[in-house]
There are 2 protein chains.
Amino acid sequence: MTESPDEDYRRAAVDLLGAIAYGELSAFERLVEDAKMAPGIEDKIAIGAMATAEFGHLQKLVERLSELGADPAEAMQVFRPSFDSFHAYTAPSDYYEGLIKAYVGDGLAADFYREIAAYLDPETREVIISSLEDSGQTAFIVDRVKAGIAEDHRLGGRLALWGRRLMGEALTQAQRVAGDRESLTALLAGGVDRPGLDLAALGRMFTRLTERHAARMAELGLEA
Amino acid sequence: MTESPDEDYRRAAVDLLGAIAYGELSAFERLVEDAKMAPGIEDKIAIGAMATAEFGHLQKLVERLSELGADPAEAMQVFRPSFDSFHAYTAPSDYYEGLIKAYVGDGLAADFYREIAAYLDPETREVIISSLEDSGQTAFIVDRVKAGIAEDHRLGGRLALWGRRLMGEALTQAQRVAGDRESLTALLAGGVDRPGLDLAALGRMFTRLTERHAARMAELGLEA
C-alpha cells in the first residue's frame, strides 16, 4: 500500500501534536506531584499556577488533532511509554530537583518542538508555537533556586549534575521516539515539495538546543 | 485584651476564606493524584480540566484575604491538618471512588460554604459564591459512574457505602474545625448587630445539607 505525500505529512503532524499534547499532560501531572515537596503554601500555589498554565495549552492541541481527523487520545497514547519512562528515570529527589526539571525540561522540550514546527503548515505551526508560550512563572523558579544555592553552596554542584542528567535522558528519549516513528523521520528528511534537514542542518539544530540549555542553566547560576 | 466586634468579624471572614482556599488547593492536588487511576487519556484530560477549574478559583480568595489584611498562606495553613487528615482517611481505592469523592465531597463542601457565606459581608460573600461555581464537568462524572454500575452491579453497593463514609468524615472534620476556631463559632452565633444561627436554624441547615447530599447520590444512581 502506497500513500500520498499528503497522508505522510498528515501523519507526521498528528505525531508531533500527539507527542506535545501527551508531554504537556504528563508535565502537568508531574508538576502537581512534585509540588508536594514544596516547603510552603506559597510555593504550592506558584507551582499550581505553572501546572494549570501547562494544562491550558492542551485544549488547542487536542482541537487541532481533531481537525486533522485524528483521535486525540490515540495520537497521545503512542507517546505515553517514552514520556512515562523519561519521568520514571528523572523522578526528583527533592524540591529543588523538581524546580530544575520543570524549568530545564520544559524549556528544552519547547525549543525542540519549535525547531520541528518550522517544517509544518502555518496553522499547525501556530497552534504549536502558542502552546509552548512561557507561562511567565519561570522567574519564581530562578528566584527559589538561587536562594537555595545561596544558603547551601553544595546544592549548586548537585543541581548542575542533575541538569546534565535531565539533558541526557531527554536526548535518549527524543532519539528513541524519532527512531520509532517513521513519520517524524520522514518529516525531518523533507520531500519533493518540502525542504528537509540534511545532516549539517541537524547538527546546527543540536548546537542551538545545547546552547539554549546552557543559557537556562546559567540563568539559574549553574554550570551546564 | 478585648477586641472590637469588627476585629472578631474580620477574623471569622479570614478563617472562612482560608479554609475554602486551602480546601480548593488540596482538592486540586488530590484530583490530579486520583487521575492517575483513570483508565485512559480522555478521562485524564476531563479530570485535569476539573482540577484546573478548581485551582482557578483560588486566585480571588487569595486576593480577598490580602484585602482583609491577612497573609493568605498563613490563613490557609491553619486548616491544613484538618483537610490533610480528611484526605488521608478518604484515599480512594479505585478510579470510581475518586470520581465519587470529587463529586460528592466538593458538592458538600460547596453547600456548606454557601450556607455560611450568608452571614458575611456582601463583598466576601460574592468572592466565596463565585469561587464555588460548578466547573460544569460534573456531567462527565455522572456518566462515568453510571456506566461503571451498568457494567458491574456490585459496584453500586460499594460506592453507596463509600458515599456515606465520605459524608461521615466530612462532618467529623467540619465539627473539629468549628470547635477549634472560636471565630467561626462566634460568627455562626451572631452578635449585637448581626443575626446568628440558633440551634433550630443549625438543625435546618444540617437537614438541607443532608438532603442535597442525598440528591447528588441519587443523581449517580446511588442510595444515600
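Before reading on, note that the structure itself is shown above.
The structure contained in this document is the topic of the report that follows. In this text the structure is predicted, and so the values were computed from the model without any measurement. (Residues numbered from 1 in each chain as written. Chains lettered and ligands numbered in written order. Predicted model: local features only at pLDDT ≥ 70, side-chain atom pairs only at ≥ 80, totals over all residues. Heavy atoms only, no water.)

### Quick word on the relation of the copies chain A and chain B
- Of the transformation placing chain A onto chain B, the axial shift is 0.0 Å and the rotation is 180°, giving an RMSD of 0.0 Å. Put plainly, the chains are arranged around a two-fold axis. Across chain A, the smallest distance between a C-alpha and the rotation axis is recorded for Thr52 of chain A, namely 2.7 Å.
- When you check the interface residues of chain A against chain B, 100% turn up at the interface there too, and the contact is symmetric in its surfaces. (Least-squares fit on C-alpha atoms with pLDDT ≥ 70 in both. Contact = heavy atoms within 4.5 Å.)

### Points about the packing of helix α5 (residues 95-117) of chain B against helix α8 (residues 154-180) of chain B
Residue and element names in this part refer to chain B.
- At their nearest, the axes of α5 and α8 sit 10 Å apart, and the two run at 40° to each other. One way to sum up the angle between α5 and α8 is to call them oblique. Helix-helix and strand crossings are classified by hand; for α5 and α8 the assignment is right-handed. Every residue of α8 that contacts α5 at Tyr96, Glu97, Ile100, Lys101, Val104 and Leu108 is listed here: Leu155, Arg158, Leu159, Trp162, Leu166, Met167 and Ala170.
- Taken together, the residues of the contact of α5 with α8 break down into ten nonpolar, no polar and three charged. (Axes fitted to C-alpha atoms, helices over the stretch in contact; angles between N-to-C directions. Helix = DSSP H or I, 4+ residues; strand = E, 2+ residues; numbered from the N terminus. Parallel < 35°, antiparallel > 145°, perpendicular 65-115°, else oblique. Left-handed = near helix turned anticlockwise from the far one by under 90°. Nonpolar A, V, L, I, M, F, W, Y, C, P; charged D, E, K, R; others polar.)

### Some thoughts on the side chain of Lys44 of chain B
- By the element assignment, Lys44 of chain B lies in helix α2 (residues 41-67).
- What makes Lys44 of chain B buried here is its relative accessible area of 5%.
- Those residues in contact with Lys44 of chain B that lie beyond four places of it in its chain are Leu25, Glu29 and Arg80 of chain A together with Ala35, Lys36 and Ala38 of chain B. (Buried < 20%, exposed > 50% of the residue type's maximum accessible area, 1.4 Å probe, protein only.)

### Some remarks on the interface of chain A and chain B
- Chain A puts 21 residues into the contact, and the matching count from chain B is 21 residues.
- Together, the buried faces of chain A and chain B total about 2,000 Å²; carbon and sulfur atoms form 73% of this surface.
- Where chain A touches chain B, the interface holds four salt bridges.
- With its nearest N and O atoms 2.4 Å apart, the salt bridge here joins Glu33 of chain B to Lys36 of chain A.
- The tally of links from chain A across to chain B stands at four residue pairs in polar contact (both at pLDDT 80 or more).
- At the level of secondary structure, the elements contributing two or more residues to the side of chain A that touches chain B comprise α1 (5-34), α2 (41-67) and α3 (72-77) of chain A.
- Looking at side-chain class alone, the side of chain A that touches chain B contains twelve nonpolar, three polar and six charged residues. (Buried area = accessible area lost by both parts, 1.4 Å probe. Salt bridge = Lys/Arg side-chain N within 4 Å of Asp/Glu carboxyl O. Polar contact = N/O pair within 3.5 Å; in protein donor to acceptor, adjacent residues only side chain to side chain.)

### Thoughts on the environment of Ala118 of chain A
- Position of Ala118 of chain A relative to the elements: it lies in the loop between α5 (95-117) and α6 (122-131).
- Once the C-alpha coordinates of Ala118 of chain A and Tyr89 of chain A are considered, the two residues, 29 residues apart in sequence, prove to be 30 Å apart.

### Some points on the packing of α8 of chain B against helix α10 (residues 199-219) of chain B
Residue and element names in this part refer to chain B.
- Direction vectors running N to C along α8 and α10 enclose 155°, while the axes themselves pass 11 Å from each other. It follows from the interaxial angle that α8 and α10 lie roughly antiparallel. The chirality of how α8 crosses α10 is right-handed. Only Phe206, Thr210, His213 and Met217 of α10 make contact with α8, whose side of the interface consists of Leu159, Ala160, Gly163, Met167 and Leu171.

### Side note on the packing of aromatic side chains
- Considering all chains together, one arrives at nine aromatic pairs over all chains under this definition.
- Here the aromatic rings of Phe28 of chain A and Phe55 of chain A are separated by 4.9 Å at their centres, their planes lie at 50°, and the arrangement is tilted. Placement of Phe28 of chain A in helix α1 and of Phe55 of chain A in helix α2 is noted, with a sequence separation of 27 residues between them.
- When its relative accessible area of 2% is taken as the criterion, Phe28 of chain A is described as buried.
- Centre to centre, the rings of Tyr95 of chain B and Tyr96 of chain B are 6.2 Å apart; their planes meet at 55°, and the pair counts as tilted.
- The exposure class assigned to Tyr96 of chain B is partly exposed, which follows from its relative accessible area of 25%.
- Taken together through their ring pairs, the aromatic side chains of Phe28 and Phe55 of chain A together with Phe28 and Phe55 of chain B make up a single cluster. (Phe/Tyr/Trp six-rings, centres within 6.5 Å; stacked < 30°, edge-to-face > 60°.)

### Observations regarding the nonpolar core
- Ile128 of chain A together with Ile128 of chain B are the most contacted members of the largest nonpolar core, which has 142 residues in total.
- Setting aside residues no more than four positions away along its own chain, Ile128 of chain B makes contact with Leu16, Leu17, Ile20, Leu61, Tyr113, Ala117 and Leu120 of chain B. (Core = buried A, V, L, I, M, F, W, Y, C linked by side-chain atoms within 4.5 Å.)

### Examining the side chain of Gln173 of chain A
Residues and elements named next belong to chain A.
- Positionally, Gln173 belongs in helix α8 (residues 154-180).
- When its relative accessible area of 6% is taken as the criterion, Gln173 is described as buried.
- Side chain to side chain, Gln173 and Ser85 meet in a polar contact 3.4 Å long.

### Details of the pattern of salt bridges
All names here are of chain A.
- For the structure on display, the rule yields 35 salt bridges over all chains.
- The residue Asp111 makes a salt bridge to Arg114 at a minimum N-O spacing of 3.3 Å. Taken as a pair, Asp111 and Arg114 lie in helix α5 at a separation of three residues, close to a single helical turn.
- A relative accessible area of 6% places Asp111 in the buried class.
- It is possible to trace a salt-bridge network through shared partners that takes in Asp111, Arg114, Glu115, Arg208, Arg212 and Arg216.

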